[in-house]
Each structure stands twice: as C-alpha cells, then as structure tokens.
Amino acid sequence: MTCHLTSCCGVCVMHDTGQENHINGILHSQKVAILDTGTQYGKVVDQLVRELCVETVIVPFNTSAQTLIKECFKAIIILGGSGSAYDEDDPKYDPDIFHCGLPVLGICYGMQLMNIALGGTILKKGIRNDGQLKILVDNKSPLFKGLEKEQLAYFTHGDSVDKVAISMKIIATCGHSVSAIGSDKLRLYGVQFHPEVNLTGKGKDIFKNFLYDIASLKGTFTLKSREIECTEFIRKTVQDKKVLMLVSGGVNSTVCAVLLHRALGDEQLVAVHIDNGFMRKNESLQVEQSLRQLGVKLQIVDASHQFYNGTTTFPIDKKDPVRKRTTRMLCMTTNPEEKKKIIGDTFISVVKDIILELQLKPENIYLGQGTLRPDLIESVTKFASHDISEVITQHDDAQFMHLLREGETVLEPLKDFHEEEVRVLGKHLGLPTESYNRHSFPSPGLAIRVICADDAYMEKDFSETSVLAKVIVNYGNSLEKKHALINRVQNTTNEDEQFFLIRVSQEYELTTTLIPIQSLGVQMGKRTYSYALGLSSNKEPRNWEDIMELAKLIPRIAHNINRVVYICGDAVQFPVLDITPTFLTTGVLSTLRQADFLAQNILHSSGYYNKISQMTAVLIPIHFDRDVVSRQPSCQRSVVIRTFISHNYVMGIPATPGKHLSLEVLNKMVAEIQAVPGVSRILYDLTPKPPGMTEWE
C-alpha cells in the first residue's frame, strides 16, 4: 500500500487502489452527494470528504431522493445554512431523502430539517449561539465511535432542537441544548455544530465514522488515479491545438503549467505571466526563473499601466441591470467589489490583447487556468447550487470567463482538485519544495491588501460598539459597576466564559480601539463588512493564548465586529476617528511591498515559512497616536501582519505568538517594518476564520 496523502494530524487516509469496487462483476459507486444550501462551508466539507478518499458531487439542494438513488450515490450530506428551517422563503428540498434508505448526515441547518421531517420541532431563539463550545457526546453512537465524551465543537446557529423526533435519540448535548441526534437503525444522523471546521477538534473522525462505518464506503478515490486521468483529459481535449496558459506564479498555476508541459510539450504550450503592477518585490523575475528550471518557457507581459488606469461598468440599480455607470479608474477606487471587478475585466482585456499580439487564432487555442474546485463552487458554476450565497467574490473569474467555460474553450485541468491536493500533485510532478509549498497569493496581489478609503467608516452603531468592546475586555469592572450593556455579554456567554473574561480583565491591562474601516468577514454563513477592534497594552501579554481566546469571544458577543487585532507597542492613548486617504498609487503600493518583503524574508530565514500556511501584510489607512484635539493630520498608515494556519484555506486560525511563531521572530518583524517610512503602527491579526476572512477585503 502506498500513502499518497496524509491528513493534517498525520494519519494516512489513502487506500491501496484507485479503482471502484467490483463485486460479482457489477460496478458499485462510491460517491457521496453533498446537498448545497449555499453555505461557505460547502467546499470545506467537499475537501475533507475527498481527503478521506471518497468521491463527492455537490448537487442542488432541491435534488430529489429518486435522482440520488438513480445516480447510485451511497450517502448524503446536507450542509449547514444561514436560514431557519421554518422560513417560508428558504430553498425547497425533497423530504423523501430521509426515507430513501441512504445514510444521511445533516449539519446544523441540515439537522434541523431532518428533525422536522421526522416529526420533531425546532425552537427559534432570540439570540445566536456562535463560536467554539464544549459538548458531551455519546461515544456508543457509531457517529462518535472512538471519541472522548467531552469535545470542543464550533457552532453558528440561532435555532435549536425543541422536541426530538420519536425515531431519533439525543447523542450529544451542549449544556441544556441538543447538539446531535441519530438513529442507528435508519442510519440518519444530525449535528448542530460544524464538524468540518478546525475549531471542531475531532470533526474529521466524525466524518470518517459516518463514511466508513455507517455508509460502508471503502475510500477508493485516490490522488494517483486522478493524476493519470488529468493527463489523459488534457491530451484528449487539446488534441492538435495550442494552450495559452496564464501563469500567476502561485502554486496552482505553476503546477498547472508543468502538468500541461508534461502532457503537451513546448510546441503546444504558450505560457504567459501578466505583471499587473501588484506583484510582490522581484516576484515576476522569480516566477520566470523558477519555471525555466522546470523546462517551461515563460513570457512576461508588463500590463501595470492598463491595470492602474482600468475601469469597468456597474448596474446603476440592481433591479435594472441594463442601465450602467462607469467606475473611476482603479488607482482612484475605494470600493472593494469595484476594485475586484476592474481587475477581473482588465485581466480579460489584457488576455485578448496577448492573443492578438502573439497571432494566436482563437479557434485554435484553449485558455489554460489553474482554477480549482473551490473557485468553481464559489463562482456559482454548474458544480454548485443555483441558490448559493455569495460569501466571497472571485478576483479573476469575470463574466467573460463564464462565457468561455460555456463555450468549452477554457482548459482547467485542476478544476476537480483542492489546494492541498494540488500541492501533493506538485510534489509528485517533481517540483522543488519552494514551488509547491509557496504561500497562497491572490491573483490581484497587493491590490486587495491595501485597504483603500477616502473617509472613515463610522455607522450609527460605532459609539455603542466601541463601548461594548470596552465592557467585554474590562468585564470584571463592568460587572461591579453594573454597566447597562452587561446583559449583552451574559446572554451570549456561558459561566466558564464569563469567569475567563473576569480573569483576563484582572490580569491584563488592555485598551480597546475600534478601528473605523471595514474588514471582510463571514458571520452566520454570510459575508460581512464590519469593524476591526484593536487591543493594546503597555505590557506584552504574559500568555498569548488568553489574548487569542479573547479575540474569539469578542465577535461572538459584538456581532458587528468581525476582526480583532493586537496593536504592537504601548497602549493606544487616543481614539481613531478619521483615516489617511488611501488609493492604489505607486507610493502606497511601495510602502506595502517593502513591508511585505521584510516580513517574508524574516519568516524564511527563521525557518517558520513552512510551519505557517500563509502570512500576509495588509496596509490599512490608520494613523495612531494622534491627539485629535490638536487636529494633527492623519498622514501615516499602519501594517497588519496576518498569519494563517489551515488545512483547507477556508477555515483556519492565526499563529499564536510563543506557540506557533516565536516572539523573537514576531518582534523582529515589528521592528523592521516599523522602520519603513510612513508606517504608524504594526498590528497582529488575532482572528480565526470565521469570523474574519483570510484577506481583509
């Protein structure tokens, strides 16, 4: 038996054959149907199940039980969702899926639907229950076989099971609430929490129990067989045509370029790297050199001028998509969605120019892209439900690309792979470690790591949110003074969490600063643009794990905060009520480029680069330490260091200083970046995902 891929905990999950089971000459399917409710957790479940060597197919939520049986699925997983099981406008589904004989795992919203369909009831609560909580499981249930009775699980819900269906029994609880139900006879199981996210400690074991023990799947969907199929797909599709491969320099496009080169050779592959002006320091040159070593000839096109000055059109009114307005140039745009669309549309325009310049005949070429399965799920293609909620906008997946896919002129050999699978594939193809282990870098590059703004983001709730943050962080004092907002804390936390907040307020002298910019997050299954909260102190925290735990609690209590950062240096004395006007100008980009260069160099030289999934530097338009009374102008900007540890790049946690990242390395980053002209403060992002996305916009 050959191990092709290991799980994040080091357990081999690959099996000894890439073929489906044959019994008595009959081909037996090993597919699992994932019913898509439009949640952003869909691709996490998809990847996790595939890591267990089980093939998944994401199907529309309203797919009938009859269709699932006809298509020979062996099990069904119903994803969680942002809606309520009793909402009239919620997407429709076929309740026969709970009576068709196939094993079913319902997650969160899926569990609620299951309970109602079988005769139980759901209670619509007035408050939400979000975050990582302790649960007690019945480890005699096949779903929790081999697990300790006490577990940590991640919740995002506002509804709870009231009356459990007669055919089901309670198999897990959280306090007085039902956390899981199941029927061994019917092979139906529901969990109120999200076993697919990192914050549910034994989530992968739960899936393994469901797939192998309950659904009797064999784990025959191996990476080796998929690699062979991928190469055959390229040759069969392309035949005697050419492929214009657009290489960003990231892991996905690099692996795709090498795979295409191995399958087609130099004559049929035209590899091009577009420098959009938002690359890291010396990056385009490094991309060219690394691919040349792998035998791939790469042409570099400098299109920075087109991108800086690019524009696009947006509907004037969503209800009237025909009437459109033209945006400002990218270098003067602050709206994140407009920035992404301008970059996507300009990218397509540049590609068209390249095709003309290279005298390539459109009818004789395919456009190669390193698109992955999660990209297609997010972009609402045929792989996803028609009703999927928009959680993140793809940066280079413009409408033109959708049209090319429909015309079958885009070649995406990796479209059935997840990111970690691509890294393993890159290793199999012989790529050097620095190529397949490179940190993810978005196609728009530094453009989405500059938070552009020309005015402070301060809604009506700014003052109240600022006060609530102080009440949370100074909970002990707030409790003694019986602050008016204390109920907000008590209604959303349990007794242990309240004792934790009391201890933190007594042991740490933390100052809170609500930052008047919009940060991208995901809360309650939907994308949010909300405030970031800064914590600071005159003393470095004795235990960073306490600060990280506090950062997880704050967004649960104050829902309009989706990101918490630690502001390095002394405690911030003055509130921040305005911003430094910031656009994608060459000077602003140079500041971030240098800060990013310094941080990346330190991470490489310290040996921590391969221990962290991703590290980004973000430039925010905030000038700290100004006495607002004296009207000192806001003219500097601050840099956020965002570390990320993840197995799937969808869910993850920041690196804890002193645990995942040494304090010496972090302090060196802070000191060197602080010396960059125009930088006010260095901030360290403490936020897991969710509620804060990997990128800030």
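Below is a short write-up of the structure. Keep in mind it's a predicted model, so treat the numbers as computed, not measured.

The final tally for this structure, using the stated rule, is eight aromatic pairs. Pairing Phe 462 with Tyr 531 gives two aromatic rings, centres 5.5 Å apart and planes at 75 degrees, and the pair type is edge-to-face. Of this pair, Phe 462 sits in helix H14 (residues 462–473) while Tyr 531 is found in strand S20 (residues 526–536), placing the two residues 69 residues apart along the sequence. The pair Phe 462 / Tyr 531 is uniform in exposure class, with both members buried. Here a set of aromatic residues connected by ring pairs shows up, and it is made of Phe 61, Tyr 93, Phe 98 and Tyr 109.

With that settled, consider the sheet that holds strand S23 (residues 637–644). The six strands are arranged S19-S20-S21-S24-S23-S22 in an open sheet whose pairing can be described as mixed. The two strands at the open ends of the sheet, each matched to only one other strand, are strand S19 (511–523) and strand S22 (614–620). Strand-to-strand twist across the sheet, computed as the mean angle between neighbouring axes with direction ignored, equals 30 degrees. Alignment of S22 against S23, held across seven bridges, turns out to be antiparallel. Paired with Ala 617 across the bridge in S23 is Ile 641.

Here we come to the environment of Arg 50. Inspection of the secondary structure puts Arg 50 in helix H1 (residues 42–51). Exposure remark for Arg 50: the relative accessible area of 3% places this residue in the buried category. With 169 residues separating them in the primary sequence, Arg 50 and Gly 219 have C-alpha atoms 8.8 Å apart. With residues up to four places along the chain from it excluded, the contact list for Arg 50 reads Glu 55, Thr 56, Phe 221, Arg 226, Arg 373, Asp 416, His 418 and Glu 421. Polar side-chain contacts of Arg 50 include one of 3.1 Å to the backbone oxygen of Asp 416.

Our next topic: the sheet that holds strand S12 (residues 242–246). Within a beta sheet, neighbouring strands are joined by backbone hydrogen bonds and run either parallel or antiparallel to one another. The parallel open sheet is built from five strands, whose spatial order is S14-S13-S12-S17-S18. A strand with exactly one partner marks an edge of an open sheet, and here the two such strands are strand S14 (298–302) and strand S18 (410–411). The pairing of S12 with strand S13 (residues 269–275) spans four bridges and is parallel. Across the sheet, residue Met 245 finds its bridge partner in S13, namely Ala 271. Lying on the sheet, helix H6 (residues 251–264) is in contact with S12, S13 and S18; it crosses S12 at an angle near 160 degrees. Across the sheet, helix H7 (residues 283–293) is in contact with S13 and S14; its angle to S14 comes to roughly 170 degrees.

The rules behind these values
Residues numbered from 1 in each chain as written. Predicted model: local features only at pLDDT ≥ 70, side-chain atom pairs only at ≥ 80, totals over all residues. Heavy atoms only, no water. Phe/Tyr/Trp six-rings, centres within 6.5 Å; stacked < 30°, edge-to-face > 60°. Helix = DSSP H or I, 4+ residues; strand = E, 2+ residues; numbered from the N terminus. Buried < 20%, exposed > 50% of the residue type's maximum accessible area, 1.4 Å probe, protein only. Pairing = 2+ DSSP bridges. Axes fitted to C-alpha atoms, helices over the stretch in contact; angles between N-to-C directions. Contact = heavy atoms within 4.5 Å. Polar contact = N/O pair within 3.5 Å; in protein donor to acceptor, adjacent residues only side chain to side chain.

Take it as geometry only, folks, not as evidence of what the structure does.
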